[in-house]
Amino acid sequence: ANTDRVLTEIQKFWDRDHLFHEFGQTHKRGILMWGPPGSGKSCTIKFIMKDVIEERAGIVIKFSHPRLFADGMRIFREIEPNTPAVVLMEDIDSIISDYSETAVLNILDGVDKVERVVFLASTNYPEVLGARIVNRPSRFDKRFKIGHPNAESRRIFLKHILCDHKKAETEGLKTQAALDKFIAAQAKRLKINLDQWVKDTKGFSMAHLK
């Protein structure tokens, strides 16, 4: 799924600083995620936050004001020059509406001391973004559509719902087979046909599926 591709792209990026520097490039990336509301963009962001904080001792910065961000990033880099940082630009279309496209582009193009940074933007409305945002690799190198969950994803999520409120009973299960057996028993008790639910929820967002 594209969620996996986004996470893989960012994980590879952190380990390639020597290549960026060898070719005289600033060690930063920009990734834009787009898709319908409730499709899983926020869930993808959570995976990325977990990785950079727990696995790399990094930080996540929520971008809200261009000038404050630029000043804050300069100060942060003076104190922590090598700490990985993910900059969240959620609903970038709204940010541009509030502060102008030029103000945002200035950040993406020229913030001082911006090494070891991933700009991670999301939008529900890619059609309102100008070409200077969506068609300039130096700003957002890759763009990923995070669509509605496929059948396998829906099945996994529904299984999670079936057993999540039974944590005391599932924590002792040692194998996937044991967990699947427990889930099947839950579905039978509740008279749920899981295969039919997966089929009937095609095209659902994660929000609608929940």
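So, a few notes on the structure that sits alongside this text. Keep in mind it's a predicted model, so treat the numbers as computed, not measured.

Notes on the side chain of Lys28
So, step 1. Position of Lys28 relative to the elements: it lies in strand 1 (residues 28-34).
So, step 2. Comment: no salt bridge for buried Lys28; closest opposite-charge side chain is Asp109, at 5.8 Å.
So, step 3. A polar atom in the side chain of Lys28 sits 2.9 Å from the backbone oxygen of Leu108.
So, step 4. Not counting chain neighbours up to four residues away, the residues in contact with Lys28 comprise Phe13, Phe20, Leu108, Val114, Val117, Phe119, Ser138 and Asp141.

Section: the side chain of Thr83
So, step 1. Among the secondary structure elements, Thr83 is positioned in the loop between helix 4 (66-79) and strand 3 (85-89).
So, step 2. At a separation of 2.8 Å, a polar atom in the side chain of Thr83 contacts the side chain of Glu80.
So, step 3. Setting aside chain neighbours within four positions, we find Thr83 in contact with Ala57, Gly58, Ile59, Phe76, Arg77 and Arg116.

Some words on the sheet that holds strand 2 (residues 59-62)
So, step 1. Reading across the sheet, the five strands line up as 2-3-4-1-5 and stay open at both edges, with parallel pairing between neighbours. Since the sheet does not close on itself, it has two edges, and those belong to strand 2 and strand 5 (142-145), each with one partner. Going from strand to strand, the sheet's axes swing by 20° on average, the running direction of each strand aside.
So, step 2. Examined bridge by bridge, strand 3 and strand 4 (residues 117-123) share five bridges and lie parallel to one another.

Quick notes on the nonpolar core
So, step 1. By size, the foremost hydrophobic cluster in this structure holds 23 residues, and its most contacted members are Val87, Met89, Ile92, Leu108, Phe119 and Phe140.
So, step 2. For this core, the elements supplying multiple residues, two or more each, are helix 4, strand 3, helix 5 (92-99), helix 6 (101-110) and strand 4.
So, step 3. Setting aside its immediate chain neighbours within four residues, Leu108 contacts Lys28, Met89, Phe119, Ile133, Arg139 and Phe140.
So, step 4. With 16 residues, the next largest nonpolar core counts Phe20, Met33, Ile45 and Phe144 among its residues.

Quick word on the pairing of strand 4
So, step 1. For strand 4, the buried fraction is high: seven of the seven residues fall into the buried class.
So, step 2. Where burial is concerned, the two faces of strand 4 agree: the one with Val117, Phe119, Ala121 and Thr123 and the one with Val118, Leu120 and Ser122 are both buried.
So, step 3. Where strand 1 lies against strand 4, seven bridges are found, and the strand directions are parallel. Residue pairing in the sheet places Trp34 in a bridge with Thr123 of strand 4.

Reading guide: rules and limits
- Residues numbered from 1 in each chain as written.
- Predicted model: local features only at pLDDT ≥ 70, side-chain atom pairs only at ≥ 80, totals over all residues.
- Heavy atoms only, no water.
- Helix = DSSP H or I, 4+ residues; strand = E, 2+ residues; numbered from the N terminus.
- Buried < 20%, exposed > 50% of the residue type's maximum accessible area, 1.4 Å probe, protein only.
- Lys, Arg positive; Asp, Glu negative; His and termini not counted.
- Salt bridge = Lys/Arg side-chain N within 4 Å of Asp/Glu carboxyl O.
- Polar contact = N/O pair within 3.5 Å; in protein donor to acceptor, adjacent residues only side chain to side chain.
- Contact = heavy atoms within 4.5 Å.
- Pairing = 2+ DSSP bridges.
- Axes fitted to C-alpha atoms, helices over the stretch in contact; angles between N-to-C directions.
- Core = buried A, V, L, I, M, F, W, Y, C linked by side-chain atoms within 4.5 Å.

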